[in-house]
Amino acid sequence: MNWYEKLNEYFPVEEMKSKEHMERLLKEKSDVYYKDEGEHHVMMYVEFESFIFIDYVYVSTKARGQGLGRKLLNKLKERNKPIILEVEPVDYEDTDTEKRLRFYQREGFKHAQSIGYTRRSLATNEMNTLEILYWSPDEASEEVIYKQMKKLYEQIHTYKDEEIYGESYQPVEEVLTIDRDRKSDLFEAIKDPKGV
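In what follows, the accompanying structure is described. Please read these numbers as outputs of a predicted model, since none were measured by experiment. (Residues numbered from 1 in each chain as written. Predicted model: local features only at pLDDT ≥ 70, side-chain atom pairs only at ≥ 80, totals over all residues. Heavy atoms only, no water.)

Quick word on the layout of surface pockets
The test is simple: For each structure, a 1 Å grid was placed over the protein atoms alone; sets of points admitting a 1.4 Å probe that cannot get out are labelled cavities, open sets with protein on both sides within 12 Å along at least five of seven lines are labelled pockets, and lining residues have an atom within 4 Å of a point. Grid points are joined across faces, edges and corners, and a volume is the space filled by probe spheres set on the points. Note on conventions: DSSP H or I runs of at least 4 residues are helices, E runs of at least 2 residues are strands, and numbering of each starts at the N terminus. Residues are grouped as follows: Ala, Val, Leu, Ile, Met, Phe, Trp, Tyr, Cys and Pro are nonpolar; Asp, Glu, Lys and Arg are charged; every other residue, Gly included, is polar.
Reported here for the largest pocket is a volume of approximately 490 Å³. Contributing to the lining of the largest pocket are 22 residues, with Val59, Arg64, Gly65, Gly69 and Phe103 lying nearest its centre. Mapped by element, the contributors of at least two residues to the lining of the largest pocket are strand S3 (52–59), helix H3 (68–77) and helix H4 (95–106). Looking at the lining of the largest pocket element by element, the count peaks at 6 residues for H4. Split into classes, the residues belonging to the lining of the largest pocket amount to 11 nonpolar, 4 polar and 7 charged.

Shown next, in the form of structure tokens:
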């Protein structure tokens, strides 16, 4: 299986960029869009001057629980800039969503509670709501994370969208919102009922 097939098998269709989109980013945005690939992992990420965004990270089932995910994150943390990623809300039918959240919580990620993020999938035409997690060496504010996400959305997620998909994604103002009164800590959903 090649790197794209691994990602495509693991991630829901509404979250996947097309292979053409990713290959173009790797070629035409090679100064910021990267692939880190090994026998048991694929990580696609964006590195701007002021932050890193993890687009996709896949660790094979054979290698899970062996610290590979932590090693990949630590490589990025060493660059000493905020790291941002998108996650699905907890789905109790899909235990992987909870495992992923627990992993990021252990790694010191916070939930950007004030940031709303909903976009229409060009693959399924359905609205898809994701949550933003971030790790920051210097306690970046959610306003800073919001601005970085807007930049990312405009420069990476919607890169040549009309040319690649035949239609455009929604404008950033429709997709990303910030609301200080929006309080829903994603990590609350995975707390052990016994309080452990």
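Focus: the nonpolar core
The criterion, for reference: Throughout, nonpolar core names a set of buried Ala, Val, Leu, Ile, Met, Phe, Trp, Tyr and Cys residues whose side chains join them through atoms within 4.5 Å. Burial classes follow relative accessibility: with a 1.4 Å probe on protein chains only, a residue under 20% of its type's maximum area counts as buried, one over 50% as exposed, and anything between as partly exposed. Note on contacts: a residue pair is in contact if any heavy atoms of the two residues lie within 4.5 Å.
The biggest cluster of nonpolar side chains holds 37 residues, and the ones touching the most others in it are Leu7, Met22 and Leu176. Of all the secondary structure elements, the ones that give two or more residues to this core are helix H1 (3–10), helix H2 (19–28), strand S2 (41–47), S3, strand S6 (115–120), strand S8 (131–135), helix H5 (142–157) and helix H7 (172–175). Examining the composition of this core, we find that 6 residues originate from one element, H5, more than from any other. Residue contacts for Leu7: discarding those within four places in its chain leaves Met16, Met22, Val42, Met44, Tyr56 and Tyr58. Counting residues in each nonpolar core, the second largest holds 23 residues, with Ile52, Leu73, Phe103 and Leu186 among its members.

Re the packing of aromatic side chains
Note the cut-off: Each Phe, Tyr or Trp ring, with Trp reduced to its six-membered ring, pairs with another whose centre is within 6.5 Å; inter-plane angles below 30 degrees give stacked pairs, above 60 give edge-to-face pairs, and intermediate values give tilted ones. Our definition puts a charge over a ring when NZ of Lys or CZ of Arg is within 6 Å of the ring centre and also within 35 degrees of the ring normal.
This structure, assessed with the given rule, holds 9 aromatic pairs. Centroid distance Phe103 to Tyr104: 5.1 Å. Interplanar angle 65°. Geometry classified as edge-to-face. An angle of 75° between the planes, with centres 5.9 Å apart, marks the rings of Tyr165 and Tyr169 as edge-to-face. A relative accessible area of 24% means that Tyr165 is categorised as partly exposed. Given a relative accessible area of 12%, Tyr169 falls into the buried group. It is Arg119 that lies over the ring of Tyr169; its NZ or CZ is 5.0 Å from the centre. Lying over the aromatic face of Phe48, Lys151 brings its terminal NZ or CZ to 4.4 Å of the ring centre.

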